[in-house]
Structure formats: C-alpha cells, structure tokens
Amino acid sequence: MVRMSADERRESVIRAAITEFARSGYNGTSTEAIARRVGVSQPYLFRLFTNKQAIFLAASSRCLADTRRVFEGAAEGLEGEEALQAMAAAYQQLIAGDPEKLMMQMQMYVAVAAAESAGDHEFGQQVRAGWLELWDAVHLGLGADVNETTTFLAYGMLINVLVSLGFPGDHRMWSGFHLASPEKT
C-alpha cells in the first residue's frame, strides 16, 4: 500500500470537505465526518488544517477557483457573445455534472452571512477574495464590460437559486432566460 504525502492528504481532505459542507453546511458538518470520509483520524486532520474554519475556507477557495477555471477555459480565445455563451454553457455543465459545486457555493453564502451577523468579518474576507477573483475572470472573459459582467453573474445567481430550489427546466420560472442552447454544450 502506497502512503500519501501530506499534500495528497490535504487534497483529499479538501475534496471530502466540499462534499460534507455542501450537504450539511458549516455548522452542520463535523470534522469527524470529514476525517471519516478521508479515512484519517481527527488529530491527523488537525495536523493538516488548524481548525474547522481553515478546512471550510480551503474548500470554499477550491470551489471558487474551480468555477473560475471553468469560466476562463470556456472563454479562452473567444470574444463577445461567443465568450458569454461558452461560459454559460460551461457553467451549466459544471453544476449539472457536479451538483456539490453549486451546493457548496450556496453554503458559502450562508456561512459568510452567519459569520458577519455574529461579528466575524475576517471569515468573509477570504471568501470574498475568492469571489472577486471569479468576478475578475468573468469580467475579462466578457471583454471587461461591467454591464455584461453584472448581467452574466446576476443570471448565474438566479440560476443557482432556481436549481437549488428544484425548479424543473420546463417550469415557467425559466421562460425568460437566454441560456446557451443544449446543442452548444
């Protein structure tokens, strides 16, 4: 049996944390559940990460970075409407193919809002930094047009809400959307 390096274990913890936090949220997820999913002890988990918050922030950072890379890859070499349609289609594929990414995003927003209301502003600063990098990637992909960026992300957030709430694709809530056609995905 090959032993994993600490970096490989950290990576497996981040993947497990995304799954656990996506399903149960920050407060509802125990570090025991994450350690069990990875197959390590809690003491070992805390050798890799200082605390539960550090694990959550690493999982949040990864989720946002993965989404940012999807947008960057989709828009590479494209401009204008082609870039917009490619990024929209890539995001549709991302959340359809890996629903935990969407669930983790939603849990990030809840965790930051809860921390902010409790007076913990540092927690949100790190998540906001990752979201700003995501915004910048979309902004550059759409030709640095603020209106296009804002509209694209606004549509994306509405899509997140409708998917999270379980509205089927043929529901009237989707009727006003101008999404990438399935043939392009």
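No experiment lies behind these values; they were computed from the predicted model shown.

(A) Geometry of the nonpolar core. Of all hydrophobic cores here, the largest spans 50 residues; its most connected members are Val-13, Phe-21, Ile-34, Ile-55, Met-87, Met-104 and Phe-152. Mapped onto this core, the elements with two or more residues apiece are helix 1 (6-28), helix 2 (31-38), helix 3 (42-48), helix 4 (52-75), helix 5 (80-97), helix 6 (99-117), helix 7 (121-141) and helix 8 (146-164). With sequence-adjacent residues up to four places away left out, Phe-152 is seen in contact with Phe-71, Leu-84, Met-87, Ala-88, Val-138 and Leu-142.

(B) Fine view of the confidence of the model for the chain. Model confidence for the chain is summarised by a mean pLDDT of 91, while 95% of its residues fall at 70 or above. Contacts for the low-pLDDT stretch residues 180-185, under 50 throughout, to residues beyond four places or in other chains number 8 contacts.

(C) Region of interest: the packing of aromatic side chains. By the definition in use, this model includes 7 aromatic pairs. The interplanar angle of 20 degrees and the centroid separation of 6.1 Å between the aromatic rings of Phe-21 and Tyr-26 together place this pair among those described as stacked. Its relative accessible area of 0% is what places Phe-21 among the buried residues. Here the aromatic rings of Phe-21 and Phe-56 are separated by 4.8 Å at their centres, their planes lie at 80 degrees, and the arrangement is edge-to-face. Of this pair, Phe-21 sits in helix 1 while Phe-56 is found in helix 4, placing the two residues 35 residues apart along the sequence. Both residues of the pair, Phe-21 and Phe-56, count as buried. Taken together, the ring pairs connect Phe-21, Tyr-26, Phe-56 and Phe-123 into an aromatic cluster. Above the face of the Phe-49 ring, Arg-10 is positioned so that its terminal group lies 4.1 Å from the ring centre. One Lys or Arg, Lys-52, reaches over the ring of Tyr-26 and ends 4.8 Å from the middle of that ring.

(D) Here's a closer look at the pattern of salt bridges. This structure, assessed with the given rule, holds 11 salt bridges. A salt bridge links Glu-11 to Arg-15; the shortest N-O distance between them is 3.5 Å. In this pair, Glu-11 and Arg-15 are both assigned in helix 1, 4 residues apart and thus about one turn of the helix distant. On the basis of relative accessibility, which here comes to 26%, the residue Glu-11 falls in the partly exposed class. Two residues, Arg-69 and Asp-66, come together in a salt bridge whose shortest N-O distance is 2.5 Å. With Arg-69 and Asp-66 both in helix 4 and 3 residues apart, this pair spans about one turn of that helix. A relative accessible area of 18% means that Asp-66 is categorised as buried.

(E) Quick peek at helix 8. For helix 8, spanning 19 residues, the distance from its first C-alpha to its last is 27 Å, which sits close to the expected 27 Å at 1.5 Å a residue. Within helix 8, burial applies to Thr-149, Phe-152, Leu-153, Gly-156, Ile-159, Asn-160 and Leu-162. On its buried face, helix 8 is in contact with helix 4, helix 5, helix 6 and helix 7. The residue sitting at the N-terminus of helix 8 and contributing the capping side-chain oxygen is Asp-145; that oxygen lies 2.9 Å from the backbone nitrogen of Asn-147. Backbone geometry just after helix 8 places Gly-166 at a positive phi near 85 degrees.

(F) Quick look at the packing of helix 1 against helix 2. At a closest axis distance of 9 Å, the pairing of helix 1 and helix 2 adopts a crossing angle of 125 degrees. When the axes of helix 1 and helix 2 are compared, the pair comes out oblique. In the packing of helix 1 onto helix 2, the handedness of the crossing is right-handed. Across the interface between the two elements, Arg-9, Ser-12, Val-13, Ala-16, Ala-17, Thr-19, Glu-20, Phe-21 and Arg-23 of helix 1 pack against Ala-33, Ile-34, Arg-37 and Val-38 of helix 2. The residue makeup of the contact of helix 1 with helix 2, split by class, is 7 nonpolar, 2 polar and 4 charged.

What counts, and at which threshold
- Residues numbered from 1 in each chain as written.
- Predicted model: local features only at pLDDT ≥ 70, side-chain atom pairs only at ≥ 80, totals over all residues.
- Heavy atoms only, no water.
- Core = buried A, V, L, I, M, F, W, Y, C linked by side-chain atoms within 4.5 Å.
- Buried < 20%, exposed > 50% of the residue type's maximum accessible area, 1.4 Å probe, protein only.
- Helix = DSSP H or I, 4+ residues; strand = E, 2+ residues; numbered from the N terminus.
- Contact = heavy atoms within 4.5 Å.
- pLDDT = per-residue confidence, 0-100.
- Phe/Tyr/Trp six-rings, centres within 6.5 Å; stacked < 30°, edge-to-face > 60°.
- Lys NZ or Arg CZ within 6 Å of the ring centre and 35° of its normal.
- Salt bridge = Lys/Arg side-chain N within 4 Å of Asp/Glu carboxyl O.
- Expected span 1.5 Å × (residues − 1).
- Polar contact = N/O pair within 3.5 Å; in protein donor to acceptor, adjacent residues only side chain to side chain.
- Axes fitted to C-alpha atoms, helices over the stretch in contact; angles between N-to-C directions.
- Parallel < 35°, antiparallel > 145°, perpendicular 65-115°, else oblique.
- Left-handed = near helix turned anticlockwise from the far one by under 90°.
- Nonpolar A, V, L, I, M, F, W, Y, C, P; charged D, E, K, R; others polar.

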